[in-house]
Amino acid sequence: MKKKNLSNLEIATKLIHVGNEPDKETGAVIPPIFQTSTYVQSSPGKHNGYEYTRSHNPTRTRLEECLAASEKAKYAITTSSGMAAITLMMHALPKGSNIICGDDVYGGTFRLFTTVFQNDHNFIFLDTTNIEEIKKTLLEKKISLIWLETPTNPLLKISDIKKITSLAKAHKTKVIVDNTFMSPYFQNPLDLGADIVMHSMTKYLNGHSDVVGGVLMLNNKALYNKIWTLQNSIGPSASPFDSWLVLRGLKTLAVRMEAHQKNAMKIAKWLEGHKKIEKVIYPGLKSHPQHKIAKKQMSGYGGMITFFTKGGLKEARKVLEKVTLFALAESLGGVESLIEHPAIMTHASIPKEIREKSGIHDNLIRISAGIEDVDDLINDLENALK
Ligand code: P1T
């Protein structure tokens, strides 16, 4: 069988070919799903690198190769959810670590840090778009890790990854970026100096709303080994079938992201001109406070839009109830458009006063623009807003 030359490829090509070499035994173009929990050994300890699926699985290996190539990372570790990936990262830090975390992160991340790991580590929540605040905190305390979500969920705040990573390096502080909203197609944090990239694979990577999964990607071998040992010991490994589905979904990531972005840009501009809308947040709009940083560090603006209706919960609820094409559902990044109310749904685990302070008000609605015909999506919103 001919060996593919997989070096120096653009991301759209890598996503289709890396980890997708034909099956050696049969020539099948599509890799098989190794739906097995265990592997035969010829003598105790003598095997082909696979002993037990919690530790290794060939379908998962293929997925991890493809993901690592997409983020230009040496290593990828996939997990059974995004939260499991974050959990492994928290266990990898020495007890008592000081961690700077953005003050507008996914509600589940906030809940994990404040209700599960609050006795293990000391979390300092701050606005990571404020470089001076980060600088000050790095001078005051020995910080082990900066947890950056950029753009943030749901306010789409954008932090300057390059500036923050260069500051962090001077203090020997590691930086992790939750890159879920951009996907490796629009943003590569490792290129901007980050040490680790994390994704919820549930979203754009898989892209079809039928898998829950997560991934950590990095270049540091010692840290990779530590995280892999934790994965093997704790056991939140991604299943063979889910790994296969994500490997399949990744092949269309490039075209999906272009389509998500095209639709989101048109919807965001349309919303911005609507009389019943108070404010629209989309990184591609000139009105976005960090539009210039977005332009510099991302190669696209993604498919997520946040907007505020005029009025309060009553007005927002009407829109959410009246849409028919947009599914009222948590999650994002699938081919179908979703709409949700962060204060009641995805970010309900954040106490109301903290939520309100960060700007997640009751008239805030979040859209994940799918790849349907954009005019149908706009008509659906228009009817709901009427
Ligand atoms: O849902 P899970 O695969 O465990 O991933 C958690 C997660 C981590 N990071 C970000 C930025 C996320 O958005 C999520 C999950 N978010 C949703 C379910 C949501 O609707 O926002």
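It should be emphasised that the depicted structure is a prediction, and the values quoted were computed from it without experimental measurement. (Residues numbered from 1 in each chain as written. Predicted model: local features only at pLDDT ≥ 70, side-chain atom pairs only at ≥ 80, totals over all residues. Heavy atoms only, no water.)

Pairing between side chains of opposite charge can happen when the charged atoms of each approach one another. Summed over the entire model, instances satisfying the criterion amount to 11 salt bridges. Between K157 and D103 there is a salt bridge whose closest N-O contact spans 2.9 Å. In this pair, K157 sits in the loop between strand 4 (145-149) and helix 6 (161-170) while D103 sits in the loop between strand 2 (98-102) and helix 4 (107-115), placing the two residues 54 residues apart along the sequence. A relative accessible area of 29% means that D103 is categorised as partly exposed. (Salt bridge = Lys/Arg side-chain N within 4 Å of Asp/Glu carboxyl O. Helix = DSSP H or I, 4+ residues; strand = E, 2+ residues; numbered from the N terminus. Buried < 20%, exposed > 50% of the residue type's maximum accessible area, 1.4 Å probe, protein only.)

Taken together, 19 residues form the shell around the ligand, and within it D178, S200, T202, S331 and R366 come nearest. Taking S331, its main chain carries an N or O atom lying 2.7 Å from an oxygen atom of the ligand. In isolation the ligand exposes 480 Å². Once the protein is present, 94% of that is buried. Its residues assigned to classes, the shell around the ligand shows five nonpolar, nine polar and five charged. Each of domain 1 (11-250) and domain 2 (254-385) gives at least three residues to the shell around the ligand. (Near = heavy atom within 4 Å. Polar contact = N/O pair within 3.5 Å; in protein donor to acceptor, adjacent residues only side chain to side chain. Areas by Shrake-Rupley, 256 points an atom, 1.4 Å probe, with all protein chains shown as cover. Nonpolar A, V, L, I, M, F, W, Y, C, P; charged D, E, K, R; others polar. Domains from an automatic or database assignment.)

In space, the five strands of this open sheet follow the order 8-9-12-11-10, with mixed pairing throughout. Looking at which strands have only one partner, the edges of the open sheet turn out to be strand 8 (277-281) and strand 10 (327-328). Here strand 8 runs beside strand 9 (residues 304-309); their pairing, made up of four bridges, is antiparallel. Counterpart to I277 in the pairing with strand 9 is T309. (Pairing = 2+ DSSP bridges.)

Along its sequence, the protein is carved into domain 1 (11-250) and domain 2 (254-385). The gap between the C-alpha centroids of domain 1 and domain 2 is 25 Å. With 40 residues of domain 1 at the contact, the number on the domain 2 side is 44 residues. It is I158, F186 and Y204 in domain 1 that bury the most area against domain 2; as a group they hold 25% of the surface buried on that side. (Contact = heavy atoms within 4.5 Å. Buried area = accessible area lost by both parts, 1.4 Å probe.)

If you check helix 8 (residues 221-234), its first and last C-alpha atoms are 20 Å apart, about what 14 residues at 1.5 Å a residue would give, namely 20 Å. Those residues of helix 8 that fall on the buried side of the exposure criterion are L223, Y224, I227, L230 and Q231. Angular distribution of buried residues about the axis of helix 8 spans 125°; they occupy a single face of the element. Opposite the buried face of helix 8, at more than 90 degrees from it, the exposed residues are K221, A222 and S233. Sitting at the head of helix 8, N220 places a side-chain oxygen 3.0 Å from the backbone nitrogen of A222. Residue G235 follows helix 8 closely and has a positive phi angle near 95°. (Expected span 1.5 Å × (residues − 1). Arc of directions from axis to C-beta.)

Spatial ordering of the open sheet is given by 1-7-6-5-4-2-3, a layout of seven strands whose pairing is mixed. A single partner strand is all that each edge strand has here, and the edge strands are strand 1 (75-79) and strand 3 (122-126). When strand polarity is set aside, the average angle formed by the axes of neighbouring strands in this sheet is 20°. Alignment of strand 1 against strand 7 (residues 214-218), held across five bridges, turns out to be antiparallel. Residue pairing in the sheet places Y75 in a bridge with L218 of strand 7. The sheet contacts of helix 5 (residues 131-140) involve strand 2, strand 3 and strand 4, and relative to strand 3 the element is tilted by about 155°. (Axes fitted to C-alpha atoms, helices over the stretch in contact; angles between N-to-C directions.)

Relative to the helices and strands, P94 is located in the loop between helix 3 (82-92) and strand 2. Assessed through its relative accessible area of 53%, P94 is described here as exposed. As for P94 and G311, which are separated by 217 residues in sequence, their C-alpha atoms are 47 Å apart.

What follows deals with the packing of aromatic side chains. Per the stated rule, a full pass over the model turns up eight aromatic pairs. A centroid spacing of 5.5 Å and a plane angle of 40° characterise the contact between Y39 and Y50, whose relative ring orientation is tilted. Here Y50 lies in the loop between helix 1 (11-17) and helix 2 (58-70) and Y39 lies in the loop between helix 1 and helix 2, a separation of 11 residues in the sequence. With 4.5 Å between their ring centres and 15° between their planes, F113 and F123 make a pair best called stacked. Taken together, the positions of F113 in helix 4 and F123 in strand 3 put the pair 10 residues apart, joining distant regions of the chain. For the pair formed by F113 and F123, the shared burial category is buried. What links up through ring pairs into an aromatic cluster is the set F110, F113, F123, F125 and W147. (Phe/Tyr/Trp six-rings, centres within 6.5 Å; stacked < 30°, edge-to-face > 60°.)

Attention now moves to the packing of helix 10 (residues 253-272) against helix 14 (residues 374-385). Two numbers describe how helix 10 lies on helix 14: the axes approach to 10 Å, and their chain directions differ by 30°. One element, helix 10, and the other, helix 14, form an angle in the roughly parallel class. Helix-helix and strand crossings are classified by hand; for helix 10 and helix 14 the assignment is right-handed. From helix 10, N263, K266, I267, W270 and L271 reach across to helix 14, where they touch V374, D375, L377, I378, L381, E382 and L385. Across the contact of helix 10 with helix 14, the residue classes break down as eight nonpolar, one polar and three charged. (Parallel < 35°, antiparallel > 145°, perpendicular 65-115°, else oblique. Left-handed = near helix turned anticlockwise from the far one by under 90°.)

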